[in-house]
Amino acid sequence: MSFFDLLNERAKHTLLCVGLDPRAKTAEDALQECKRLIEQTKDYAAAYKPNAAFFEFFGEQGWAVLAEVIRAVPPNIPVVLDAKRGDIADTADAYAASAFRHLHAHAITASPYMGGDSLQSFLRYADKGVFVLCKTSNKGSNDLQCLRVGDRFLYEAVAERAEGPWNSNQNVGLVVGATDPVALARVRARAPTLWFLVPGIGAQGGSLKASLDAGLRADGSGMLINVSRGIARAADPRAATRQLCEEINAIRFAKGASTELATALVESHCVRFGTFTLKSGKTSPIYIDLRRLVTYPSIMRLVAREYAKVLRQYKFDRIAGLPYAALPIASAISNEMNVPLIYPRREAKSYGTKAAIEGEYKKGDRVVIIDDLVSTGETKVEAIDKLKSAGLEVVAIVVLVDREMGAKAFLNGLGYEFEAVVGLYQLLPLWRKSNAITAAQEAEVRAFLGQWQKSKI
């Protein structure tokens, strides 16, 4: 089986990568330390990552120990050799042969600094994985990795090449640190299908939840969360590994709406309960006003991250925010994912450029429409037509809150993908659980939604 075949099988149950960084004083002690750790953690490990430096330290004997450590890993668990190789021609060929033919590692970490040809010696082993350094977890990573390359950072340019031309054998992954969740989200936007090796949780201060929220693929997988010292130095490594595995799975397999988001919407008064007259003249027991998000930057960041989770499943070139309520939200998403923003004007300008759409774009660009909320979906058609008239391809319409009044069926019927970060029926039990609403208020809102749905039958 190839590296990614093994990894995908293990990832059904765990995304935890156990780092093997022995700090022993002798090669033999290092061997025994690693063997004990493997034995204690093998039930919960998706992969193991021995760091070559801690074995090279012991010279010739260290290389023999490294080979024995790799052999000690159960055959159904892949091994990523953390060696950060980066050279060309015969030198790179020798590095690749050492890692894959002699040590029998399943994957390796490599530096792309010398360009794509420095990776080819490793990539030609189609059954092996190559994790390319992209946005690393160390403090000095910004010195070079955040240099601007046109409209993006250097690390994003690396991600694009890894997702594209470098990945002809479908064996490329990326190293992206947990210490910068914003960068994680931006890399995921540029590389929606790739596996990430994610160091930085624990001793380096990376947040497990923020990292998973930012970096998981649309399928809830695609991240190897590496932990080394946090496991090796634990009083009970098996218990620590099990706990980490359970924490990761609790986040990745969480269903429905975010409790944090539900609470924030009420606390900011973006959602209120009472008696309200809607634009249609109907009386509603709930009122949603997402324009208020502009006053709460921390909640706006949360909202942008929640949108990003949905948007990862689509490939697009531009975000199209709809005036007026969705424009600040679309701006926050644009900053979070580093994807350019455009917007269709309500009325075309009668002066200057007379633009119907603001922002730079070109014919054929793929766009995702961002709006704040939706009822029936009928009001989105005008914006769709404007964008299509400009030669843009509408990939999907994504909103924060779906009032669940038929928008998905309506827009799907027109041939458009539609997704909501959350629907009202998902939010109601969360609000009830947190005592944001009473049982009577929840019943009243459900009755209101039910009456509307019956009127459409």
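Keep in mind that what you see is a predicted model, and the values were worked out from it rather than measured.

J.: Sorry, what's going on with the sheet that holds strand 5 (residues 129-135) here?
T.: The strands making up a sheet associate through hydrogen bonds between their backbones, and the pairing can be parallel or antiparallel. The parallel open sheet is built from eight strands, whose spatial order is 2-1-10-9-8-5-4-3. Each having just a single partner strand, strand 2 (47-50) and strand 3 (80-85) make up the two edges of the open sheet. The sheet shows a mean angle of 30 degrees between the axes of neighbouring strands, taken without regard to direction. Lying on the sheet, helix 12 (residues 237-252) is in contact with strand 1 (16-20) and strand 10 (223-227); it crosses strand 1 at an angle near 145 degrees.

J.: Is there a simple way to explain the UniProt feature "domain: Orotidine 5'-phosphate decarboxylase" (unreviewed entry) in the protein in this structure?
T.: UniProt annotation of "domain: Orotidine 5'-phosphate decarboxylase" (unreviewed entry) refers to residues 15-244 when read in the numbering used here. As annotated, residues 15-244 has a helix share of 41% and a strand share of 19%, and its two end C-alpha atoms lie 10 Å apart.

J.: Looking at this structure, how should I read the environment of arginine 346?
T.: Examined against the element boundaries, arginine 346 turns out to sit in the loop between strand 14 (341-344) and strand 15 (357-358). A sequence separation of 23 residues divides arginine 346 from proline 323, and the C-alpha atoms of the two residues are 6.9 Å apart. When near neighbours in sequence (up to four residues on either side) are disregarded, arginine 346 contacts Pro323, Tyr324, Glu382 and Lys386.

J.: Teacher, can you tell me more about the packing of aromatic side chains here?
T.: The geometry of an aromatic ring pair comes down to the distance between the two centres and the angle between the two planes. Applying the stated criterion across every chain yields a total of nine aromatic pairs. Through pairs of rings, three or more aromatic residues link up here, namely Phe3, Phe4 and Phe131. Against the face of phenylalanine 153 rests arginine 148, its NZ or CZ located 4.4 Å from the ring centre. Stacked on the ring of phenylalanine 196, the Lys or Arg arginine 188 has its end atom at 3.8 Å from the ring centre.

J.: Whenever I open this one, the nonpolar core confuses me. Can you help?
T.: A general tendency of soluble globular proteins is for nonpolar side chains to be buried together. If you look at the biggest cluster of nonpolar residues, it comprises 85 residues, and the most contacted ones within it are Leu81, Phe131, Leu174, Phe196, Leu224 and Ile225. Per-element tally for this core: the top contributor is helix 2 (residues 27-41), with six residues. Among the nonpolar cores identified, the runner-up in size contains 50 residues, and Leu265, Val339, Val421 and Phe448 belong to it.

J.: Looking at this model, I keep getting lost on a nonpolar patch on the surface. Mind explaining?
T.: A contiguous nonpolar surface patch, about 640 Å² in accessible area, is contributed by Ile88, Tyr113, Met114, Leu144, Leu147, Val149 and Leu154. Summarising the element assignment, methionine 114 is placed in the loop between strand 4 (107-110) and helix 6 (120-123).

J.: Teacher, can you tell me more about the pattern of salt bridges here?
T.: Pairing between side chains becomes possible if they bear opposite charge and their charged atoms approach one another. Taken as a whole and assessed by the stated rule, the structure comprises 26 salt bridges. In this structure, arginine 152 and glutamate 160 form a salt bridge, with 2.9 Å as the shortest nitrogen-oxygen distance. On the basis of relative accessible area, arginine 152 is assigned to the buried category, the value being 16%. For glutamate 382, the salt bridge identified is with lysine 386, shortest N-O distance 3.9 Å. Pair noted here: glutamate 382 and lysine 386 are both in helix 16 (residues 381-389), with a separation of four residues, about one helical turn. Overlapping salt bridges, with partners in common, bring together Asp151, Arg152, Glu156, Glu160 and Arg190 in one network.

J.: Which parts of the structure should I look at to understand the packing of helix 2 against helix 12?
T.: The geometry of a pair of packed helices is captured by two quantities: the angle between their axes and the separation between those axes. With their axes 8 Å apart at the nearest point, helix 2 and helix 12 run at an angle of 50 degrees to one another. By the angle class used here, helix 2 and helix 12 are oblique. Viewed along their axes, helix 2 and helix 12 form a crossing whose handedness is right-handed. Listed contacts from helix 12 to Leu37, Gln40 and Thr41 of helix 2 are Pro237, Arg238 and Thr241.

J.: Where do I start with the pairing of strand 17 (residues 393-402) in this structure?
T.: In regular strands, side chains alternate between the two faces of the sheet. Counting buried positions over the ten residues of strand 17 gives nine, a clear majority of the element. By the bridge criterion, eight bridges tie strand 16 (residues 366-374) to strand 17 in an arrangement that is parallel. In the sheet register, valine 367 faces strand 17, and the bridge partner there is valine 394. Handedness of the crossover is the feature at issue here: the chain leaves strand 16, passes through helix 16, returns alongside strand 17, and the resulting connection is right-handed. Read from strand 17 through helix 17 (residues 407-413) to strand 18 (residues 417-423), the crossover connection turns out right-handed.

J.: Explain the environment of isoleucine 231 here, please?
T.: Counting through the fold element by element, isoleucine 231 comes out in helix 11 (residues 229-232). For the pair isoleucine 231 and glycine 19, spaced 212 residues apart in sequence, the C-alpha separation works out to 8.3 Å. In this view, isoleucine 231 contacts Leu16, Val18, Leu37, Thr41, Pro237, Thr241 and Leu244; residues no more than four positions away in its chain are not counted.

J.: Before we go on, may I ask you to explain the domain arrangement of the protein in this structure?
T.: Many structure descriptions define interface size as the accessible area lost when the parts assemble. Taken domain by domain, the protein holds domain 1 (3-253) and domain 2 (259-454). Each of domain 1 and domain 2 has a C-alpha centre, and these two points are 37 Å apart. Taken together, the 19 residues of domain 1 in the interface contact eleven residues of domain 2. Each partner contributes to the roughly 1,200 Å² buried at the junction of domain 1 and domain 2, and carbon and sulfur atoms together form 47% of this total. By the criterion of area lost to domain 2, the three top residues of domain 1 are Arg186, Asp213 and Ala218, representing 36% of everything that side buries. Summed over the shared surface of domain 1 and domain 2, the result is one salt bridge. As a salt-bridge pair, aspartate 213 and lysine 309 come within 3.3 Å of each other at their nearest N and O atoms. Between the two partners, domain 1 and domain 2, sit seven residue pairs in polar contact (both at pLDDT 80 or more). Those elements that place two or more of their residues in the side of domain 1 that touches domain 2 are strand 7 (152-153), helix 8 (154-163), helix 9 (181-190) and helix 10 (208-215).

Reading guide: rules and limits
Residues numbered from 1 in each chain as written. Predicted model: local features only at pLDDT ≥ 70, side-chain atom pairs only at ≥ 80, totals over all residues. Heavy atoms only, no water. Pairing = 2+ DSSP bridges. Helix = DSSP H or I, 4+ residues; strand = E, 2+ residues; numbered from the N terminus. Axes fitted to C-alpha atoms, helices over the stretch in contact; angles between N-to-C directions. Contact = heavy atoms within 4.5 Å. UniProt positions renumbered as here; feature names shortened; annotations may be inferred. Phe/Tyr/Trp six-rings, centres within 6.5 Å; stacked < 30°, edge-to-face > 60°. Lys NZ or Arg CZ within 6 Å of the ring centre and 35° of its normal. Core = buried A, V, L, I, M, F, W, Y, C linked by side-chain atoms within 4.5 Å. Buried < 20%, exposed > 50% of the residue type's maximum accessible area, 1.4 Å probe, protein only. Patch = residues over 30% accessible without salt bridge, like charges linked within 9 Å, V, L, I, M, F, W, Y side chains within 5 Å. Areas by Shrake-Rupley, 256 points an atom, 1.4 Å probe, with all protein chains shown as cover. Salt bridge = Lys/Arg side-chain N within 4 Å of Asp/Glu carboxyl O. Parallel < 35°, antiparallel > 145°, perpendicular 65-115°, else oblique. Left-handed = near helix turned anticlockwise from the far one by under 90°. Right-handed = clockwise from strand over helix to strand, strands pointing away. Domains from an automatic or database assignment. Buried area = accessible area lost by both parts, 1.4 Å probe. Polar contact = N/O pair within 3.5 Å; in protein donor to acceptor, adjacent residues only side chain to side chain.

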